[in-house]
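Secondary and tertiary structure notes
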Amino acid sequence: MTLSQPWWLLLGLLVGLLFYLHRQRRAARAALVGGLHLWKRVAVQHTPQTNPLPRLTPALLLQLLVLLLVALALARPTFRAAKATGGTLVLLESSRAMQVSDLPPSRFQSALAQASREWRGPVTVVEVGDFPWPLAVERADVGAVRSTLRNLTPTDGAADWEAAGRYARGLLAARRGVQIVAYTSAGTFKAAEAALRDLNARIHPLGSSQPNAAITGLTVQPAVKDAPWTVRGSVRGYGGPEDRTLSVSLAGTPLTTLPLRLKDGQDTPFTLKFTPGTGGVLQVTLNRADPLPADDQAQLLLTPTPRPLRITLVGTSTQPNPDDPLERGLSVLPGAQLTRLTSLSARPDDTDLLVITRQDVTPAQTPFAPVTLWLNARPEGQKPDTPLAWNDASRLSGGLTWADLRLNASDGQAGWTGSTPLLSGQHGPLIEVRRTGPASEVRVHFPLKNSNWPDLPAFPVFLRNLATLAEPRAGQQVSACTVGLPCLLPARAAPLGGPGLKVAAPGESFIPRRAGTYEVDGEPLAVNRFASTEADLRINPSGQGGQPPGASSLLTLWPDRLWRLLLGAALLALMLELLLHYRSEPGLRRGRWATFTPGVRRMLALHALAALLMLLAVFNLPLPGREQGSWTARLLPAGLPDPTGRVNFTLWSGADLTTQRPQRPTPPGDLALALATVAAAAPADAAGTVTVSGAGWPVSALWPDVQAQLRADGLQVKFENTPPAQPALPGLSVPAKVSAGETFAAQASLYVPRAGSATLSLRRGDTQVLSQTVNLRAGFNRLALPLRETQAGVVGYTLTLVSAGHVVTAQAATRVQGDGGVLLVSSDAAAAGAVQRALQVQGVPSRQVKPGTLNAAALSTDGLRGVERIALLNVPARALTPDARAALDELVRGGAHLFLGGGSAAFGPGGYVGTALVGLTRYCIPEETPQSKRGGRWESGSNTVRNSNWKPSGWPASQISRFPRSPATSGSAIQASMVGSGRKKKPGNGLFQGRENRI
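Everything quoted here is computed from the prediction, not taken from an experiment. (Residues numbered from 1 in each chain as written. Predicted model: local features only at pLDDT ≥ 70, side-chain atom pairs only at ≥ 80, totals over all residues. Heavy atoms only, no water.)

By the definition in use, this model includes 23 salt bridges. As a salt-bridge pair, R513 and E127 come within 2.9 Å of each other at their nearest N and O atoms. In this pair, R513 is assigned in the loop between strand 30 (509–510) and strand 31 (516–520) and E127 in strand 4 (residues 123–128), connecting sequence segments 386 residues apart. Neither residue differs from the other here; R513 and E127 are each classed as buried. Across the salt bridge formed by R244 and E242, the nearest N and O atoms sit 3.8 Å from each other. Among the residues examined, R244 registers a relative accessible area of 3% and is labelled buried. Overlapping salt bridges, with partners in common, bring together R307, E471, R473 and E523 in one network. (Salt bridge = Lys/Arg side-chain N within 4 Å of Asp/Glu carboxyl O. Helix = DSSP H or I, 4+ residues; strand = E, 2+ residues; numbered from the N terminus. Buried < 20%, exposed > 50% of the residue type's maximum accessible area, 1.4 Å probe, protein only.)

Set out below in structure tokens:
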């Protein structure tokens, strides 16, 4: 047996005080005597010998027993081996597999109960799901931590133990003697063991082998007008062959039941034709419950009439201007309904996106619309400027390469108070974002005509990002969010919250923890998580080298509760002592309280108070304490000194609390994880303020979710936007994916407080790529570093800047894929051959296929191994099978790039309306519309779309290999319809080069 807090045994020294009090005790009794003279003589003649020890009465023995039992209980005895004294780090898996009930009530609740008995000293609890999430960091108030975790439920995601291992190493960087305990599902034991191999962690796998079945996919293909829609999905069995039935319902109304014959480890597909009617939630459910019901259901939200995107353009004219790139970009946004105004006399309540180009309109204290874009920079007073720094972490930067932007001048005005620069130049922000409640405002500090922005693919993508921020559901007939990934809320939506859900504000995103149907503004929101490897429950943990599940909790139940048993025995002894006192005092039995002296009364009150405190301790009830005050914390990037003079002594961000906690590092990672760590380390029920210092903080997709949660908890986050006093590397950007052999550029943004020379070196992994001395001016500088990779795989880069004795670094990574070239789909062999020769001039391989040979199998990953760039050259929709059109849509959403070449058989005239292709382009009107035969200019209603001006001749020669990505998809689709004049182009000057620029 060991004692966790042995110093409490010093209470045993009070035994001497107890003996002394009993020896001095005198019974005060009233007596009538005739005189004191006789008694004095007797006292002188018969002086008794003093006894140094009191008589051992039952009351004395019981009081000694109470004292010893309390001292031993406070010493926290246990039969376990001695524990580390630096606290406990608990890594608790929160995946869908932890919902299995083979350990009642579930694996997760069993792990949580067992973990609470493992805590020693300050406790840190980390939830391991799709990302590590700190629930408590170095918290000594164990009771408050238990209360926080009591209602915690597992997620429907997967456990990323590799990320949890990195996070744990960051937490332990400056700490010693911390015991690490991890609780995993049986299927992820090996992953946890590999991730925590060097941390000496005790890993407990939970669960036994179980058969299971799960839904692994669900898609819906809309159709034209009243034609039936198509549902496709798959179910996988994990066990022997079995028969299951699948129920399909729409808006609560059953549609059909499909019988399925499941095979072990194989996907069983299913297909269903149906009429959507008015739409609703399409739900697919596997009948007959299995050990994991959470993966037996999937749902999609169907909206046959998509929600519109209401756009108001405030300019100098109400007439359409087809030559204006802004109008063209706004008109083709999903679900766009464009209204043109010349003034803003009243607040447009029916507007989602407000675009202002009129120069005499100024911002108001309250934003005019949920999302406002200010494009009214005055051309006069412009100062020469160029982009030097950018914010890739912003949602508005998704799919953009700011480094391609070129401009001549900006207005040089100071930024709004409280705004965040999206793009910065020499004189201040070039593009800034300000958030006021749920509304967002974006201001551009340069006229569009002074830049090449309208000619870049980045411009329509930026408009799409704004539209998604205003109304993410616009134009979508089929929609669903995914557990573990950000789910956008419209700017007009009400705050979303609920059990197990982090509160999300309008215009922000939240990360769903559980799959199912949510409700946003009275409308359903479908959330899915299709099953993957965690659905396979057929693993026996006893063969994995871990402790069998449940054994630890049974063996440790008695020693972890021993202190309560000791306190209970002490309480019983105290009650017996009070009973003896009651029987020995006639005044107590007769209820004569007034006959007692003040000393006796105080003794009885102290006995009662001691009994009450012991009773509270036995039941482990929290005592009311004083209100926690406020606390503050400061986050600093690596190497940046604190303004108070202290310097971070680690490579991680320092966070110090005003509760006199020492400065310590938070784990490496992004700003969201650092702030979540500080919030988890803060005192419970206390208001806090975190000041974020420095520039260059990496921000992940978790940031909106963490920001909403901190705001709901009453935590204020302040940013110090003052320029750093030391050199910094706020940005290093490379394309997300490149092809082998392709030349690309790494764009770097550097900051130095003083002009001078600096050493710049770039490493590819452990190999140095370049090292040179550069001359930098004071402030921000921008550099482009040419790179070229020949081997497929993930390549990481580290840029190091050495200036004035300071060393700063930045990291970036890209995925290099084997160049499968461009797949040219065309019925015109001559036209495809001309494009193929043009690509050959640029060094881009390609191959031709006929539209009729393109099917779903050919468009699968195996059929097109390595091909992620596809060009449809004047191909009508009817030339492609429905499966091929659906496969193209899935390829783009999965990361592929699609180029749509226009002509007499493409877009509207090609019958794209009502097919999967219409989701990849907005240059479509029905084929029978007369305007569709007017060549390059199409008109529909009050909007005018002229796609003949989408000329890719101004794009870089390598642009075809890195088309921008839409924020709603992983890939991209570029459309063009050009009628060339036959002019010869110089090599290297256009996207497609050759004798003619005709598609």
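Picking up after the structure, the text goes on.
Right, let's talk about the sheet that holds strand 23 (residues 428–436) for a bit. The sheet built from 8 strands is open, its strands ordered 16-15-17-18-24-23-22-20 with mixed pairing. The open sheet terminates on both sides in strands that have one partner only, identified here as strand 16 (336–341) and strand 20 (389–390). Relative to strand 24 (residues 439–444), strand 18 (residues 371–374) runs parallel, the two sharing 4 bridges. Each residue of the ladder has a partner; that of T372, found in strand 24, is E441. Seen against the sheet, helix 9 (residues 458–470) touches strand 15 (309–314), strand 17 (353–356), strand 18, strand 22 (420–425) and strand 24 and runs at an angle of roughly 150° to strand 18. (Pairing = 2+ DSSP bridges. Contact = heavy atoms within 4.5 Å. Axes fitted to C-alpha atoms, helices over the stretch in contact; angles between N-to-C directions.)

The next subject is the state of the cysteines. For the coordinates displayed, the defined rule picks out 1 disulfide. One disulfide bridge connects C481 with C487, the sulfur atoms lying 1.9 Å from each other. Measuring the twist about the S-S bond at about 50°, one finds the C481-C487 disulfide to be right-handed. Here the two residues C481 and C487 agree in accessibility, since each one is buried. (Disulfide = S-S within 2.5 Å.)

A separate point is helix 3 (residues 58–74). The end-to-end C-alpha distance of helix 3, which contains 17 residues, comes to 24 Å, matching closely the 24 Å that a straight helix rising 1.5 Å per residue would cover. Every buried residue of helix 3 is accounted for by A59, L60, L62, Q63, L64, V66, L67, L69, V70, A71 and A73. Directly beyond the C-terminal end of helix 3, a positive phi value near 55° is found at R76. (Expected span 1.5 Å × (residues − 1).)

On the surface, L606, L609, L612, L613, L615 and F619 cluster together into a nonpolar patch covering about 600 Å² of accessible area. Among the secondary structure elements, L613 is positioned in helix 13 (residues 598–618). Judged by its relative accessible area of 45%, L613 falls in the partly exposed class. (Patch = residues over 30% accessible without salt bridge, like charges linked within 9 Å, V, L, I, M, F, W, Y side chains within 5 Å. Areas by Shrake-Rupley, 256 points an atom, 1.4 Å probe, with all protein chains shown as cover.)

Now for the environment of G903. Note that G903 resides in the loop between strand 49 (897–901) and strand 50 (937–940). Distance in space between the C-alpha atoms of G903 and V875 is 8.4 Å, their sequence separation being 28 residues.

This brings us to the environment of L171. Within the fold, L171 resides in helix 6 (residues 161–171). Judged by relative accessible area, L171 falls into the buried class, the value being 8%.

Before going further, it helps to spend a moment on the pairing of strand 36 (residues 688–692). Counting buried positions along strand 36 gives 5 out of 5 residues, so the element sits mostly inside the fold. The two faces of strand 36 match: G688, V690 and V692 on one face and T689 and T691 on the other face are all buried. Where strand 36 and strand 37 (residues 715–719) come together, 5 bridges link them in parallel fashion. Across the sheet, the residue bridging to T689 is Q716, located in strand 37.

Before going further, it helps to examine the nonpolar core. In terms of nonpolar packing, the biggest core is built from 40 residues, with L330, W402, W453 and F462 touching the most fellow members. Discounting chain neighbours no more than four positions away, the residues touching W402 are W390, N391, D392, S397, L422, L423, I431, W453 and F462. One finds W119, W133, I511 and A676 within the second-largest nonpolar core, a separate group that totals 39 residues. (Core = buried A, V, L, I, M, F, W, Y, C linked by side-chain atoms within 4.5 Å.)

In this section: helix 9. Between its terminal C-alpha atoms helix 9 stretches 18 Å, which fits the 18 Å expected from 13 residues at 1.5 Å a residue. Considered for burial, the residues of helix 9 that qualify are A458, F459, P460, V461, F462, L463, N465, L466, A467, T468, L469 and A470.

What follows concerns the UniProt feature "transmembrane region" (unreviewed entry) in the protein chain. Using the residue numbers shown here, the UniProt feature "transmembrane region" (unreviewed entry) corresponds to residues 6–22, 56–75, 562–582 and 603–623. End C-alpha atoms of residues 6–22 are separated by 28 Å, and the span's content is 53% helix alongside 0% strand. Annotated as residues 56–75, this span is 85% helix and 0% strand, and its ends, taken at the C-alpha atoms, are 27 Å apart. (UniProt positions renumbered as here; feature names shortened; annotations may be inferred.)

Here helix 3 crosses helix 11 (residues 562–584) at 160°, and the two axes come no closer than 8 Å. With respect to their mutual orientation, helix 3 and helix 11 come out roughly antiparallel. Two packed elements cross with a definite hand, and for helix 3 against helix 11 that hand is left-handed. Taken together, the residues of helix 11 that come into contact with helix 3 (itself represented by P58, A59, L62, Q63, L65, V66, L69, V70, L72 and A73) are W563, L566, L567, A569, A570, A573, L574, L576, E577 and L580. Residue composition of the contact of helix 3 with helix 11, grouped by class: 18 nonpolar, 1 polar and 1 charged. (Parallel < 35°, antiparallel > 145°, perpendicular 65-115°, else oblique. Left-handed = near helix turned anticlockwise from the far one by under 90°. Nonpolar A, V, L, I, M, F, W, Y, C, P; charged D, E, K, R; others polar.)

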